[in-house]
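# Secondary and tertiary structure notes
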Amino acid sequence: MPAPSLTPLPPEQAIRFLEAKGHRVGFAWQDVWEAEHAVSFTVAKMMQVDLLADVHASLVTALKEGQSFDQWRKGLEPMLQARGWWGQSVETDPLTGEEKAVQLGSPRRLRTIFDTNVRMAMAAGQWERIERLAPARPYLRYVAVKDDRTRPDHLAWNGTILPVGHAWWDTHSPPCGWGCRCTVQQLSVRDLERAGWTVTANPPPLDPRPWLNRRTGETVEVPAGVDPGFAYHKGKAARTASSARQLLEKMAELPPELAAEVADPPTLARQIQPEFARWVDTLDLARPRGDMRPVGTLSPPIVRWLADNKPELMPDSGALMVSDKGLSHLLRDAKKEAQRLLPADVKRLPTILAEPAAVYFDHLNPALLYVFDPPGRDGKLGKIVVRVNFATKTPNRASVRGNFVVTGGLVAPADIERDARYVRVDGKA
């Protein structure tokens with residue numbers, strides 16, 4: 001497969017997109033999912049953050065200088081070999097603790113890294129221009145490369161013309177898979193008339209199929225013809241995450257009843273999840289400073305239960321918050337291993353809080369317990385402890401009060417279900 005050709009002039013929007021990414025280590029490609037790639041740079045099985053940062057920087061340089069794949073590889077391959085990230089190796093999977101024989105660096109892997117990251121950056125950069133020109137050029141046309149290496153589904157989509165804001169692009173914005181060379185062409189009404197084209201009356205069917213992410217245990221629907229992990233809008237993803245976090249920050253100022261009613265926790269969680277995971281990767285949890293982020297909202301049943309049963313604990317805000325101090329407690333080494341959450345659990349905090357198996361109130365130590373099923377820990381439940389109207393301090397020592405995640409861990413189901421101190425206030429379990 002030929003490497004993507006770079007334009008002679010530096011693609012400024014693509015460079016900004018790639019430069020803005022944080023670093024996210026992951027043992028398998030499934031560990032960093034879909035829109036997370038909009039805010040996080042990752043290479044499967046590259047577990048050293050400093051090495052990840054160097055590879056990231058090399059790709060930014062490649063975009064700025066218009067390097068070909070061969071030029072980029074010539075500069076990077078000796079460095080990876082010297083630092084031990086090359087060839088076959090036996091590595092420990094941090095999710096399972098198992099030792100596995102894996103492939104680290106290789107010419108084929110480097111080509112995949114270069115091709116995927118350049119095409120994703122180009123697509124995100126192109127979307128900035130598409131949005132800006134949409135009033136004058138309101139249509140997009142799917143363009144596939146017509147040769148024997150293009151997937152049949154992608155060839156079938158060639159020539160599909162739909163409005164810029166059509167939902168089909170949310171799952172079919174190129175690239176739509178590993179090595180996909182498809183692009184989109186932006187068109188005006190006059191462009192359509194000149195070419196004799198018409199807007200597609202019925203977009204190609206999604207034909208979704210279930211796909212199990214064995215790293216998380218989650219089953220997702222993936223449209224036919226789109227590789228798992230590519231069924232998202234590459235251009236919208238980074239902007240959406242930032243906008244969602246700003247919305248949550250505004251909700252922190254609303255009364256809890258109003259915030260709970262207007263929020264859509266699962267949707268907000270999907271939007272902020274990638275940026276939150278990236279933020280966690282940047283923290284030094286051994287030396288927390290008091291940095292904090294919104295991670296969700298209280299549900300209407302929880303707010304109603306508190307109003308009816310614990311009016312003295314009625315929250316000032318409907319937002320759920322976490323600080324680096326709380327994250328440090330979640331992962332602290334003082335806990336026994338059998339009771340400790342994994343970093344992967346912590347990075348999923350927005351999703352866990354948005355869709356818990358159940359939420360309990362602890363009458364002995366007044367707090368909310370969000371209970372979830374952690375992947376790979378048979379016989380154990382995960383718990384996230386949220387204290388309502390909890391007082392803490394920001395890095396500049398200013399006092400703040402909110403609904404903060406303070407700790408968590410693993411528990412046996414019977415420890416919650418049979419203890420009278422806990423009463424269920426929300427959820428199915």
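Note: the structure precedes this text.
In what follows, the accompanying structure is described. Since this is a predicted model, take the numbers as computed values, not measurements. (Residues numbered from 1 in each chain as written. Predicted model: local features only at pLDDT ≥ 70, side-chain atom pairs only at ≥ 80, totals over all residues. Heavy atoms only, no water.)

## A few points about the overall build of the protein
We count it as follows: Helix and strand assignments follow DSSP, with helices taken as H or I runs no shorter than four residues and strands as E runs no shorter than two, numbered in order from the N terminus. Burial classes: relative accessible area under 20% of the type maximum marks a residue as buried, over 50% as exposed, and values in between as partly exposed (1.4 Å probe, protein chains only). Note on contacts: a residue pair qualifies if any of its non-hydrogen atoms lie within 4.5 Å across the two residues. Each accessible area value is a Shrake-Rupley result obtained with a 1.4 Å probe; residue values ignore everything except the protein chains displayed when judging cover.
When helices and strands are counted, the protein shows 15 helices and 16 strands. The proportion of buried residues among the 429 residues of the protein is 49%. A fraction of 66% describes how many contacts in the protein between residues 6 or more apart in sequence connect residues 24 or more apart. For the protein, the accessible surface area stands at approximately 20,500 Å², while carbon and sulfur atoms represent 51% of it.

## As for the sheet that holds strand E5 (residues 139-143)
Definition in use: Strand pairing is assigned whenever DSSP detects at least two bridges linking the two strands. Fitting a line to C-alpha atoms yields each axis, with helices limited to the stretch in contact; the angle taken between N-to-C directions then spans 0 to 180 degrees.
Overall, antiparallel pairing links the 3 strands, which are arranged E6-E5-E7 in an open sheet. With one partner strand each, in any of the chains shown, strand E6 (161-163) and strand E7 (183-187) form the two edges of the open sheet. With direction set aside, neighbouring strand axes in the sheet form an average angle of 30 degrees. Two elements, E5 and E6, share 3 bridges in a ladder whose sense is antiparallel. Following the sheet pairing, Arg141 is matched in E6 by Ile161.

## Focus on the pattern of salt bridges
Formally: A carboxyl oxygen of Asp or Glu within 4 Å of a side-chain nitrogen of Lys or Arg is what we treat as a salt bridge.
Enumeration according to the criterion identifies 15 salt bridges in this entry. Asp93 is the salt-bridge partner of Arg215, the closest N and O atoms lying 2.5 Å from each other. Of this pair, Arg215 sits in the loop between strand E8 (209-213) and strand E9 (218-222) while Asp93 sits in the loop between strand E3 (88-92) and strand E4 (99-103), placing them 122 residues apart in sequence. One salt bridge connects Asp316 with Arg401, and the closest N-O pair in it is separated by 2.7 Å. Taken as a pair, Asp316 in the loop between helix H11 (300-309) and strand E11 (319-323) and Arg401 in strand E15 (residues 399-411) lie far apart in primary sequence, 85 residues in all. Asp316 sits in the partly exposed class, given a relative accessible area of 43%. Here the residues in one salt-bridge network are Asp50, Asp54 and Arg83, joined through shared partners.

## A few points about the nonpolar core
Here is the rule: For our purposes a nonpolar core is just a set of buried Ala, Val, Leu, Ile, Met, Phe, Trp, Tyr and Cys residues, chained together by side-chain atoms within 4.5 Å.
Counting 32 residues, the largest nonpolar core has Leu327, Leu353, Leu368, Tyr370 and Ile384 as the members making the most contacts within it. Considering every element that reaches this core, the biggest residue donor is H11, with 4 residues. Excluding residues within four positions of it along the chain, Leu327 makes contact with Phe276, Trp279, Val280, Leu283, Leu285, Val322, Val346 and Leu349.

## Overview of the packing of helix H3 (residues 69-82) against helix H4 (residues 107-133)
The description of two helices packed together rests on the angle between their axes and the distance between the axes. Let me state the cut-off plainly: By the definition adopted for this analysis, an angle is roughly parallel if under 35 degrees, roughly antiparallel if over 145, roughly perpendicular if from 65 to 115, and oblique otherwise. Should the near helix be turned anticlockwise from the far one by less than a right angle, the crossing is left-handed, and should it be turned clockwise, the crossing is right-handed. In this classification, the charged set is Asp, Glu, Lys and Arg, the nonpolar set is Ala, Val, Leu, Ile, Met, Phe, Trp, Tyr, Cys and Pro, and all remaining amino acids, among them Gly, are polar.
At their nearest, the axes of H3 and H4 sit 11 Å apart, and the two run at 125 degrees to each other. Between H3 and H4, the angle is such that the two are oblique. Along this stretch, H3 crosses H4, giving a crossing that reads as right-handed. Between H3 and H4, the contacting residues are Phe69, Trp72, Arg73, Leu76, Glu77 and Leu80 on the first element and Pro107, Leu110, Arg111, Ile113 and Phe114 on the second. Taken together, the residues that form the contact of H3 with H4 break down as 8 nonpolar, no polar and 3 charged.

## Notes on unusual backbone geometry
The residue after Pro174, namely Pro175, is reached through a cis peptide bond having omega 0 degrees. Positionally, Pro175 belongs in the loop between helix H6 (169-172) and E7. The phi angle at Asp207 is positive, at roughly 45 degrees, despite the residue not being glycine. Examined against the element boundaries, Asp207 turns out to sit in the loop between helix H7 (189-195) and E8. The residue Asn389 is not glycine, and still its phi comes out positive at about 55 degrees. Relative to the helices and strands, Asn389 resides in strand E14 (residues 381-393).

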